[in-house]
Amino acid sequence: MNTQNMLVLSLGTNQGDKKANLNKAIDLINNEIGTVITVSPIYEFPAWGFESEPFFNCALVLHTLLDAQTAIAKILETEKKLGRIRHQQAGYAARIIDIDIIAFNDAVIQEPNLVVPHPLMQERLFVLQPMADLQLDWIHPIFKKNCQQLVQDCTDQTTFKKVDVLSAPLQNHPLRKLNFVAIEGNIGAGKTTLTHRIAEDFNAKSIFEGFADNPFLPKFYEDAKRYAFPLEMSFLADRYAQLSDDLAQFDLFKEFIIADYYIFKSLIFAQITLEEDEFRLYQQVFDIMYKETPKPDLYVFLYQNTDRLLENIQKRGRSYENDISGQYLDKVTQGYFNFMKTLPAEKVLVIDISDLDFVANQADYIQILDQIENKLTTYKKLQ
């Protein structure tokens, strides 16, 4: 499972419309590099080390799947898109935008083009003050001090002032007003990966299906007829228990709950795998449990074409999935579509991700979040 990296960036500008420069930089970073989680207020500081117009400075927290070297390369591209021209002469100069990586997780990086933590951060109040406002649970890996301690120990006595505030791009996303979101999709669609990202980026409580621990699953792929019923009953019991427990214990420090499955998938798969008499018995048990299970405020289905699903299944290399056929996947997809017809239209969103890669491309991930926002906003307007 991909785990996102946390970056802290320092932004500065002293040319043109300085607040607009910062906003443009934040939008580009969010759309092309990683998800901007938190943004500090804007501070005005005098130019450091040369005579020029005062700077607007801020800091932000970023979640990204990029490694450090790829991140710095993309940051330099972002500066260039915003009009930054890097000169070869030594010394400081006025600039339309300056973006520096201050921290990358808790890593210490010593590369020719990247030193992290930033080697001069402890000496520069225009870096430390905005960073302290982010209220991070971060300790400098070399000095073993948090941001507040670094500010207190800083010898820089520069006079500065707070001039404005900025919003993180996802700060007012309507997802934050929901209680329970289910992300669904066929085998290999990427629902678990997307659930991980949204949970991290929105500070949501996540629920993940523990299918890998099911002892009947490998046996089912070896002898489907024999093990279909115990497999489906085992899945149903596990899903019901997990959803019931986790949804009943809402975390006050999380904004909402997001799961990479919903219990109705049990009936969809059971209808495909079970014999007719077994399915009738199974449905009787399922109906009792389904009535007691909380319903999602939003049901997001990730659609991928069958060829792409088969490619994804092969890439993740689970031996017991090697014999899954396209015909089987088509039946599963149709089962999901039949189920979604029974849900209120305002609670269902189908996103075609056949041509999207929300792991490799930040823009594709933002496109998915935009579709969710448009769905929720449109429904609210119709109320």
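Relevant structure appears above.
This report concerns the structure included in the present document. (Residues numbered from 1 in each chain as written. Predicted model: local features only at pLDDT ≥ 70, side-chain atom pairs only at ≥ 80, totals over all residues. Heavy atoms only, no water.)

Turning next to the overall build of the protein chain. When helices and strands are tallied, the protein chain shows 12 helices and 13 strands. With the C-alpha coordinates aligned to their principal axes, the bounding extent of the protein chain is approximately 85 × 45 × 35 Å. Within the protein chain, buried positions represent 49% of all 383 residues. By sequence separation, contacts in the protein chain at least 24 residues apart represent 75% of the contacts at least 6 residues apart. Per element, the accessible surface of the protein chain, about 18800 Å² overall, is 49% carbon and sulfur. Here the protein chain contributes 38 positive and 52 negative side-chain charges, whose respective centroids are spaced 3 Å apart. (Helix = DSSP H or I, 4+ residues; strand = E, 2+ residues; numbered from the N terminus. Buried < 20%, exposed > 50% of the residue type's maximum accessible area, 1.4 Å probe, protein only. Contact = heavy atoms within 4.5 Å. Areas by Shrake-Rupley, 256 points an atom, 1.4 Å probe, with all protein chains shown as cover. Lys, Arg positive; Asp, Glu negative; His and termini not counted. Charge placed at Lys NZ, Arg CZ, Asp CG, Glu CD.)

Most often, soluble globular proteins have nonpolar side chains that are buried together. Judged by nonpolar contacts, the single largest core of 69 residues is most densely connected at I198, Y262 and I372. Looking at which element gives the most residues to this core, the answer is helix α7 (residues 224–248), with seven residues. The contact partners of Y262, leaving out residues within four places of it in the chain, are F180, A182, E184, L243, Y290, T293, P294, K295, P296, Y299 and F339. In terms of nonpolar packing, the next biggest core, distinct from the first, is built from 31 residues, F56, L60, L66 and F104 among them. (Core = buried A, V, L, I, M, F, W, Y, C linked by side-chain atoms within 4.5 Å.)

Turning our attention to the environment of K177. With respect to the helices, strands and loops of the structure, K177 is situated in the loop between β8 (161–164) and β9 (180–185). Sequence separation between K177 and F256 is 79 residues, and the spatial gap between their C-alpha atoms is 7.8 Å.

Moving on to the pattern of salt bridges. Counted by the stated rule, this structure contains 11 salt bridges. The salt bridge involving D164 is made with K19; its shortest N-O contact spans 3.0 Å. A residue pair is termed long-range when its members are at least 10 positions apart, and D164 in strand β8 and K19 in helix α1 (residues 18–32) qualify at 145 residues. Given a relative accessible area of 30%, K19 falls into the partly exposed group. Across the salt bridge formed by R280 and E276, the nearest N and O atoms sit 3.3 Å from each other. With R280 and E276 both in helix α9 (residues 276–292) and four residues apart, the pair spans about one turn of that helix. Judged by its relative accessible area of 59%, E276 is exposed. Salt bridges sharing partners connect three or more residues here, namely E79, R84, R95 and D98. (Salt bridge = Lys/Arg side-chain N within 4 Å of Asp/Glu carboxyl O.)

It is worth spelling out the side chain of D156 at this point. Structurally, D156 is set in the loop between α4 (147–153) and β8. Buried charge without a salt bridge: D156, with R124 as the nearest opposite-charge side chain at an N-O distance of 7.5 Å. Side-chain polar atoms of D156 contact the backbone nitrogen of L125, separated by 2.9 Å. Polar contacts involving the side chain of D156 include one to the side chain of T158, which spans 2.4 Å. (Polar contact = N/O pair within 3.5 Å; in protein donor to acceptor, adjacent residues only side chain to side chain.)

Turning next to the packing of α7 against helix α8 (residues 265–273). Packing of α7 against α8 brings their axes to within 10 Å, and their N-to-C directions diverge by 175°. As judged from the angle between their axes, α7 and α8 are roughly antiparallel. Here α7 contributes A228, E232, L236 and R239 to the contact with α8, which in turn contributes K265, S266, F269, A270 and T273. (Axes fitted to C-alpha atoms, helices over the stretch in contact; angles between N-to-C directions. Parallel < 35°, antiparallel > 145°, perpendicular 65-115°, else oblique.)

The next thing to look at is the sheet that holds strand β11 (residues 257–259). Ordered in space as β10-β11-β9-β12-β13, the five strands form an open sheet in which the pairing is parallel. The strands lining the two open edges of the sheet, one partner per strand, are β10 (205–207) and β13 (348–352). In this sheet, neighbouring strand axes are inclined to one another by 20° on average, regardless of whether the strands run parallel or antiparallel. Contacting β9, β10, β11 and β12 (298–303), helix α5 (residues 191–202) crosses the sheet at an angle of about 150° to β9. (Pairing = 2+ DSSP bridges.)

In this section: α8. Within α8, seven of the nine residues are buried, which leaves the element mostly enclosed by the surrounding structure. Among all positions of α8, only K265, S266, L267, I268, F269, A270 and T273 are buried. Contacts from the buried residues of α8 go to β9, α5, α6 (216–222), α7, α9 and α11 (326–340).

Okay, the packing of α1 against helix α2 (residues 68–81) next. Remark: α1 packs on α2, axes separated minimally by 10 Å, with the N-to-C direction vectors making an angle of 140°. On the basis of their axis angle, the class for α1 and α2 is oblique. When the axes of α1 and α2 are compared, the crossing they make is right-handed. Residue-level inspection shows L28, I29 and E32 of α1 in contact with α2, the latter providing K74, T78 and K81. Here the residues of the contact of α1 with α2 are counted per class, giving two nonpolar, one polar and three charged. (Left-handed = near helix turned anticlockwise from the far one by under 90°. Nonpolar A, V, L, I, M, F, W, Y, C, P; charged D, E, K, R; others polar.)

One can find T293 in the loop between α9 and β12. In this structure the side chain of T293 is engaged in a polar contact, spanning 2.9 Å, whose partner is the backbone oxygen of M289. Aside from chain neighbours lying at most four places away, what touches T293 is Y240, L243, Y262 and I263.

One pass over the full model with this rule turns up 17 aromatic pairs. An aromatic cluster of at least three residues, connected via ring pairs, comprises F180, Y262, F264, F286, Y290, Y299 and F339. In this structure, R239 is placed above the aromatic ring of F235, and the distance from its NZ or CZ to the ring centre is 4.5 Å. The ring of Y290 has K295 lying over it, and the distance from NZ or CZ to the ring centre is 4.6 Å. (Phe/Tyr/Trp six-rings, centres within 6.5 Å; stacked < 30°, edge-to-face > 60°. Lys NZ or Arg CZ within 6 Å of the ring centre and 35° of its normal.)

Any functional reading would require information that these geometric values do not contain.
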